[in-house]
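# Structural description and commentary
The residues making up each chain are set out below.
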Amino acid sequence: MDAALSPGFSQAPLPRETDVAIIGGGIVGAATALALAHRGLRVLLCEKGTVGAEQSGRNWGFIRTVGRARAELPLALASRPLWQAAAARAAFGYRECGYVSLAANPAEMARQEDWLQRMADFAMDARPVAARSLAALLPGLRGNWAGATYSPLDACAEPAAATRAFAARAAAAGAEIREGCAVRGLDLIGGRIGGIVTEAGRVACAGVVLAAGAWSRRFAFNAGLSLPQLQVLGSVCRVEGARDLPDAIVSAAGFSFRRRQDGSHTLAQRGTSVTDIVPDTLRLFTAFLPAFRRQWRHLRLRLGRRFLEEARMPRRFAADRASPFETVRILDPAPVADILATALANARAAFAGFGPARIVESWAGMIDATPDELPILGPHAGLPGLFIATGFSAHGFGIGPAAGHLMADLLSGAHPIVDPAPFRLERFARFAPRPAPETRA
Ligand SMILES: Cc1cc2nc3c(=O)[nH]c(=O)nc-3n(C[C@H](O)[C@H](O)[C@H](O)COP(=O)(O)OP(=O)(O)OC[C@H]3O[C@@H](n4cnc5c(N)ncnc54)[C@H](O)[C@@H]3O)c2cc1C
């Protein structure tokens, strides 16, 4: 994983009151805190473990526009200047190294060209690369490829260091960042947000941003709200000893890799993930059925001990007792070794430079997926004062800065950086908000 962490955050007692409380110190919570602090609002970000220790510190570190859904592309493009501004102030391995998506066959190349055409109205640098030009773009590439899509400006960064840099900047701008501080629940007054209840006490506030990644559904359920979100396991490894590889991020059906700041490589298998069957899989089965159908080639369903672990984890919990967020400070699932071994074999087949490489570290992250693979961003219509920023479906690192900016726009009533309409919770009819049940007088 990404070891270059910045120093810890304040240990001071919690404030009694703030303007906005953010639940979750991933890239989305950190970017939201930064954007709100820049507007002069009082912000408290509570992270149950350490900042950037879950998805935001475990991902591949790709910051890409290529292949993004039409609704999401504006967030990816709007994030680019925010990444550049952040990288000008802190070193977290940000490099505009370019991103190459290889097409294994003419059908895949046709899909990539179709994507380029459909996105032609965006000011993008992504372009098609003919098969005959691949050798110049990717020295050392072998095998028969049908072409590629290439964005020279797509970038990479070291995930945990980048997330902590955003949080450190937010702290420097006045945001209070607290690690080891789980938020157990919401305090509702007269049917709207009146505060949060943390393990260290209550904090009064009129606005809350739920940016709790894979935990958002459990947190929301305890507040009487339902979010369509399932957890998907993504496995990653770090390899040493590879040589003469391209500088760009390379992604293909059976492997994806990038060079890391320390010269080793992050490697994984694109699109191959494991979904453990848990009680939520059954509860949300109909909502996710179209996604299962779309992804069945890449999805590995697994029934094992996680079913019982999840079934035993409380869904309702009182604010005066330790919550599941304190039981699991950092979600650290085991990676799937054979997926990573296959990724390395596939990468070796494509690049001789992977010949001497060996896996020296591996880890996994729990992806927060929605049925349409787009995040849920915006106010919760059933609970005034609550804002949701979750369900990034494995795209949230790259688009996190603009997503945080958008949340700050929505909270402060500013003109939104991108159109928020595609991200409303209401797009899922079954989950359209109803008023929250429990309120204080
Ligand atoms: C293996 C893998 C590879 C990926 N690769 C890429 C990639 O290359 N590019 C890309 O753009 N995206 C990628 N992603 C997706 C990306 O990492 C996520 O979408 C993004 O990090 C989500 O950020 P977040 O802040 O929403 O959530 P997280 O980073 O998961 O942060 C949520 C935080 O909330 C905290 N929390 C939860 N509940 C509470 C509570 N009650 N109280 C206090 N704190 C709480 C958690 O401890 C956690 O730190 C990948 C994801 C994985 C797992």
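Residues numbered from 1 in each chain as written. Predicted model: local features only at pLDDT ≥ 70, side-chain atom pairs only at ≥ 80, totals over all residues. Heavy atoms only, no water.

### Overview of the environment of Leu82
If you trace the backbone, Leu82 turns up in helix α3 (residues 73-89). Through-space distance from the C-alpha of Leu82 to that of Arg358 is 35 Å; in sequence the pair is 276 residues apart. Excluding anything up to four places from it in sequence, Leu82 contacts Phe166, Pro401, Ala402, His405 and Ile417. (Helix = DSSP H or I, 4+ residues; strand = E, 2+ residues; numbered from the N terminus. Contact = heavy atoms within 4.5 Å.)

### Some details on the nonpolar core
By size, the foremost hydrophobic cluster in this structure holds 60 residues, and its most contacted members are Ile22, Trp83, Phe92, Phe166, Ile177, Val209 and Leu377. The element best represented in this core is helix α1 (residues 27-38), accounting for nine residues. Membership of the second largest hydrophobic core comes to 47 residues, among which are Leu188, Val208, Met366 and Leu386. (Core = buried A, V, L, I, M, F, W, Y, C linked by side-chain atoms within 4.5 Å. Buried < 20%, exposed > 50% of the residue type's maximum accessible area, 1.4 Å probe, protein only.)

### Remarks on the site of the ligand
Taken together, 37 residues sit near the ligand, with Glu47, Ser56, Phe62, Gly396 and Gly398 positioned nearest. In this structure, an oxygen atom belonging to the ligand sits 2.5 Å away from a side-chain N or O atom of Ser56. Interatomic distance of 2.7 Å between a backbone N/O atom of Gly398 and an oxygen atom of the ligand. (Near = heavy atom within 4 Å. Polar contact = N/O pair within 3.5 Å; in protein donor to acceptor, adjacent residues only side chain to side chain.)

### Quick notes on the sheet that holds strand β8 (residues 176-178)
With respect to topology, six strands assemble into an open sheet ordered β8-β2-β1-β12-β21-β20, the strand pairing being mixed. At either end of the open sheet lies a strand with only one pairing partner, and these are β8 and β20 (376-379). Between one strand and the next, the sheet's axes are offset by a mean angle of 15 degrees, whatever the strand orientation. Note that β20 and strand β21 (residues 386-390) share four bridges and pair antiparallel. The partner of Leu377 across the bridge, within β21, is Ala389. Here helix α13 (residues 396-412) sits on the sheet and contacts β1 (20-23), β12 (207-210), β20 and β21; the angle it forms with β20, its principal contact strand, is near 15 degrees. (Pairing = 2+ DSSP bridges. Axes fitted to C-alpha atoms, helices over the stretch in contact; angles between N-to-C directions.)

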